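A look at the structure
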Amino acid sequence: MSALIIHGHFYQPPRENPWTGEVPTEPSAAPFHDWNERIHAECYAPNVINYPNISFNFGPTLLSWLERHHKDTYQKILDADKVSAGARGGHGNATAQAYGHAILPLCNERDRLTQVVWGLADFRFRFGREAEALWLPETAANDDVLALLIDQGLRYVILSPDQAKGKIETSRAYVFRHPDGSGRSLAVFFYNGPLARAIAFEKALTSSRGLVDQFIRAAQSGDMVNVATDGETYGHHFKFGDLCLAHALEVEAKQAGFWITNYAEYLDRHPPVLEVEIENGPDGEGSSWSCVHGVGRWTRDCGCHTGGEPGWNQSWRAPLRAALNFLRDDAAVKFESSELLRDPWAARNDYVGVLLDPQRARTSFLTHHVVRDESRVWKLLEMQRSALLMFASCGWFFSDLAGIETIQLMRYAARVMDLQAELGLDPPEKKFLELMSEARSNQPEKGTGADLFVHFAKPR
């Protein structure tokens, strides 16, 4: 009997106004108020029939929005994990995700740790158990990222087959050893690339029978078929894709003799033996599932883009990242030198507990971390939260600097400097705007990054 594992990566960037916490109207999502609402209606709610049968992750920023605005869907996601854990030897279908969907290989070591620690804490709080895996945004990884997952006690990771160094088979799990020579490891699953492309881009969801036929063909090369795609594929990108998947898993795949499972249950029965190394990308900066140039899509005009007009370029990516890196580093110095926290970076890692459950965690946080001046401490920590969220990957993913996702990153940058001003910390707006002026929209009337920041991001 061949195992069949379908993984859905469900994520939306934080769309809330950083000052009010409310999502503004997004006209491009009409007739819905915003893209969260539209994709909830087309995907997150309809797929409640699938969550008990598929491996999945939900981004923390999306789950927090669902908890506030669609409690029924939110609860069914949590319930699906409990149901699947009961059916699969204690292994729930849900996996964690790095908190703010930043490209982890491009983070500095401190931010990378916080992104992972916050993602695991968010998962623990919501699902009531420890995560066995953490979804890497855009599956972006290098040796340092996988070493961090091992350090955090995770059991496995899901990567693109193109991220393996050398020839691999997607019908088995592999072992990745920690680079420190300690022998510690985690399992690596490389998803079936042709099958993932067929589902995501080649209309494989037009027929459940045709979809299962593709599963059957894939199973001829081994005893496990695993595929990972954006969860929005099922219903948002492809209308009725959720129903196609549901019928395939509930009826036809079972009739074909497939064992519907998840990665952790599979590992119990099939522990990996063969070792693997991963591609670390140009200069070791990392590899990913959506950029053939490693992680160039989030650092430079590598040629990868989505949408846009003929002749458009993405040369704005590099100066955008330079400006945000500058602001991050400036905020880090001010945070570290505040002398209000015993260990500023340990405090930042623990701050997620206050975000998740302020009534219960606040007093303990103050006792363990705060030296004095509580009111200033909360502003410093919010400054750091905004500094983390301004690196959400979607800000670089699309075709132009003036996109709503990129403007949202600028709003978090504005929030960082606004909090600095409230704290009397001399926000470096002049230098930031100089760096942003090097980024130019492909739409001349939109101007530079500095223009967009002043008109659309900076509070008035």
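Overview of the structure. Sequence order sets the numbering: in each chain, residues are counted from 1 along the sequence as written. In keeping with the predicted nature of the model, local features appear solely for residues at pLDDT of at least 70, side-chain atom pairs appear and are counted solely at 80 or more, and the whole-chain, interface and lining totals rest on all residues. Water and hydrogen atoms play no part in the side-chain values, which are based on all heavy atoms of the structure.

1. A closer look at the overall build of the protein
Counting from the N terminus, the helices are DSSP H or I runs at least four residues long and the strands are E runs at least two residues long. In terms of regular secondary structure, the protein is built from 17 helices and eleven strands. For a compact globule of 460 residues, the expected C-alpha radius of gyration is about 23 Å, and the protein comes in at 22 Å, within 12% of that figure. Each principal axis of the C-alpha atoms in the protein carries an extent, and together these give about 65 × 55 × 45 Å. Every one of the 460 residues in the protein was classed for burial, and the buried ones make up 59%. Residue contacts are defined here by distance: any two heavy atoms, one from each residue, within 4.5 Å place the two residues in contact. Excluding contacts between residues fewer than 6 apart, the proportion of contacts in the protein whose partners are at least 24 apart in sequence is 71%. In short, Shrake-Rupley with a 1.4 Å probe defines the accessible areas, and a residue's cover is counted only from the protein chains shown. Total accessible area on the protein is roughly 18,400 Å²; 51% of this is exposed by carbon and sulfur atoms. Counting 47 positive and 59 negative side-chain charges, the protein places the averaged centre of each group 1 Å from the other. Just to be clear, the radius of gyration here is over C-alpha atoms, and the globule rule we use is 2.2 Å times residues to the power 0.38. Only protein chains enter the accessibility calculation, which uses a 1.4 Å probe; a residue is then buried when its area is under 20% of its type maximum, exposed when over 50%, and partly exposed in between. We count Lys and Arg on the positive side and Asp and Glu on the negative side, and we leave His and both chain ends out. Here the site of a charge means NZ on Lys, CZ on Arg, CG on Asp, or CD on Glu.

2. Describing the pattern of salt bridges
Each salt bridge in this description consists of a side-chain nitrogen of Lys or Arg and a carboxyl oxygen of Asp or Glu lying within 4 Å of one another. A full pass over the atoms with the stated rule returns 29 salt bridges. Where Asp122 meets Arg126, a salt bridge forms, and the shortest distance between an N and an O atom there is 2.8 Å. On the criterion of helical spacing, the pair formed by Asp122 and Arg126 is a turn pair, its members being four residues apart in helix 4 (residues 109-127). Summarising the burial analysis for this pair, Asp122 and Arg126 share the class buried. Linking Arg385 and Glu382 is a salt bridge whose minimum nitrogen-to-oxygen distance equals 3.1 Å. Separated by three residues within a single helix, Arg385 and Glu382 lie in helix 13 (residues 374-389), roughly one turn from each other. Both residues of the pair, Arg385 and Glu382, belong to the buried class. One continuous salt-bridge network, built from bridges that share partners, spans Glu67, Asp122 and Arg126.

3. Considering helix 8 (residues 241-255)
Helix span, as expected, comes to 1.5 Å for every residue beyond the first. Taking 1.5 Å per residue, 15 residues should reach 21 Å; helix 8 reaches 20 Å between its end C-alpha atoms and fits that length. Of all the positions in helix 8, only Gly241, Asp242, Cys244, Leu245, Ala246, Ala248, Leu249, Glu252 and Ala253 are classed as buried. Where helix 8 is buried, its residues meet strand 1 (3-10), helix 7 (208-219) and strand 10 (259-260). Positive phi appears at Gly257, one or two residues downstream of helix 8, with a value of about 90°.

4. Brief notes about a nonpolar patch on the surface
To count toward a patch, a residue needs a relative accessible area over 30% and no salt bridge; like charges are then connected within 9 Å, while nonpolar side chains (Val, Leu, Ile, Met, Phe, Trp, Tyr) are connected within 5 Å. A cluster of nonpolar side chains, namely Ile49, Phe240 and Leu243, defines an oily patch on the protein surface of about 300 Å² accessible area. Mapping Ile49 onto the fold places it in the loop between helix 1 (35-44) and strand 2 (55-58). Overall, the relative accessible area of 39% leaves Ile49 in the partly exposed class.

5. Re the environment of Lys76
For Lys76, the position within the fold is in helix 3 (residues 71-87). Residues Lys76 and Pro52 lie 24 residues apart in sequence; the distance between their C-alpha atoms is 9.4 Å.

6. Concerning the sheet that holds strand 5 (residues 156-159)
Taken in spatial order, the three strands line up as 5-8-7 in an open sheet, and their pairing is mixed. The strands lining the two open edges of the sheet, one partner per strand, are strand 5 and strand 7 (173-177). Here the strands of the sheet are splayed against their neighbours by 35° on average, with no regard to which way each runs. Paired strands, in this sense, are two strands between which DSSP finds at least two bridges. In this structure, strand 5 lies alongside strand 8 (residues 185-190), joined through four bridges in parallel fashion. Each bridged residue has a counterpart across the sheet, and for Val157 the counterpart in strand 8 is Val188. Contacts from helix 5 (residues 143-151) reach strand 5, strand 7 and strand 8, with the element oriented near 95° to strand 7. Angles shown run from 0 to 180 degrees and are taken between the N-to-C directions of axes, each axis being a line fitted to C-alpha atoms and, for helices, limited to the stretch in contact.

7. Quick word on the packing of aromatic side chains
Each aromatic pair joins two rings of Phe, Tyr and Trp (for Trp, the six-membered one) with centres within 6.5 Å, and gets the label stacked for planes under 30 degrees apart, edge-to-face for over 60, and tilted for any other angle. Counted under the stated rule, the structure contains 26 aromatic pairs. A ring pair is formed by Tyr99 and Trp118, whose centres lie 5.1 Å apart and whose planes are at 90°; its orientation type is edge-to-face. Remark: Trp118 occurs in helix 4 and Tyr99 occurs in the loop between strand 3 (94-97) and helix 4; sequence separation between them is 19 residues. In this structure Tyr99 comes out as buried when scored by relative accessible area, which is 12%. For Trp118, a relative accessible area of 1% puts it in the buried group. Charge-over-ring contacts are defined here by two conditions on Lys NZ or Arg CZ: a distance within 6 Å of the ring centre and an angle within 35 degrees of the ring normal. Positioned over the ring face of Phe397 is Arg297, at 3.6 Å from the centre of the ring. The cationic tip of Arg317 hangs over the ring face of Trp316; the distance from NZ or CZ to the ring centre is 5.9 Å.

8. Thoughts on the environment of Val276
Positionally, Val276 belongs in the loop between helix 9 (263-269) and strand 11 (277-278). Once the C-alpha coordinates of Val276 and Val175 are considered, the two residues, 101 residues apart in sequence, prove to be 5.9 Å apart. For Val276, the residues in contact, after removing those within four places along its chain, are Ala164, Ile168, Tyr174, Val175, Phe176, Val188 and Phe190.

9. Here's the deal with the packing of helix 11 (residues 344-356) against helix 13
At a minimum axis distance of 10 Å, the contact between helix 11 and helix 13 shows a crossing angle of 90°. Our classification of the angle between helix 11 and helix 13 gives roughly perpendicular. Where helix 11 approaches helix 13, its residues Trp345, Ala347, Arg348, Tyr351, Val354 and Leu355 are matched on the opposing element by Trp378, Leu381, Glu382, Gln384, Arg385 and Leu388. The residue makeup of the contact of helix 11 with helix 13, split by class, is eight nonpolar, one polar and three charged. For classification, angles of less than 35 degrees are called roughly parallel, those exceeding 145 degrees roughly antiparallel, those between 65 and 115 degrees roughly perpendicular, and all remaining angles oblique. Polar here means any residue outside two lists: the nonpolar Ala, Val, Leu, Ile, Met, Phe, Trp, Tyr, Cys and Pro, and the charged Asp, Glu, Lys and Arg; Gly therefore counts as polar.

10. Regarding unusual backbone geometry
Geometrically, the link from Ala30 to Pro31 is a cis peptide bond, its omega value of 10° lying close to zero. With phi around 55°, His101 is a residue other than glycine that occupies positive phi space. Turning to its location among the elements, His101 is positioned in the loop between strand 3 and helix 4. The buried category is assigned to His101, whose relative accessible area is 2%. Backbone geometry places Thr139, a non-glycine residue, at a positive phi of 50°. Note on Thr139: relative accessible area 0%, which makes it buried.

11. Some points on the state of the cysteines
When two cysteine sulfur atoms lie within 2.5 Å, the pair is treated as a disulfide. Per the counting criterion, the structure on display carries zero disulfides. Free of any disulfide, Cys107 has its nearest neighbouring cysteine sulfur in Cys394, separated by 14 Å. Sulfur of Cys291: no disulfide; nearest cysteine sulfur belongs to Cys302 and is 3.8 Å away.

Nothing here speaks to function; it is all geometry.
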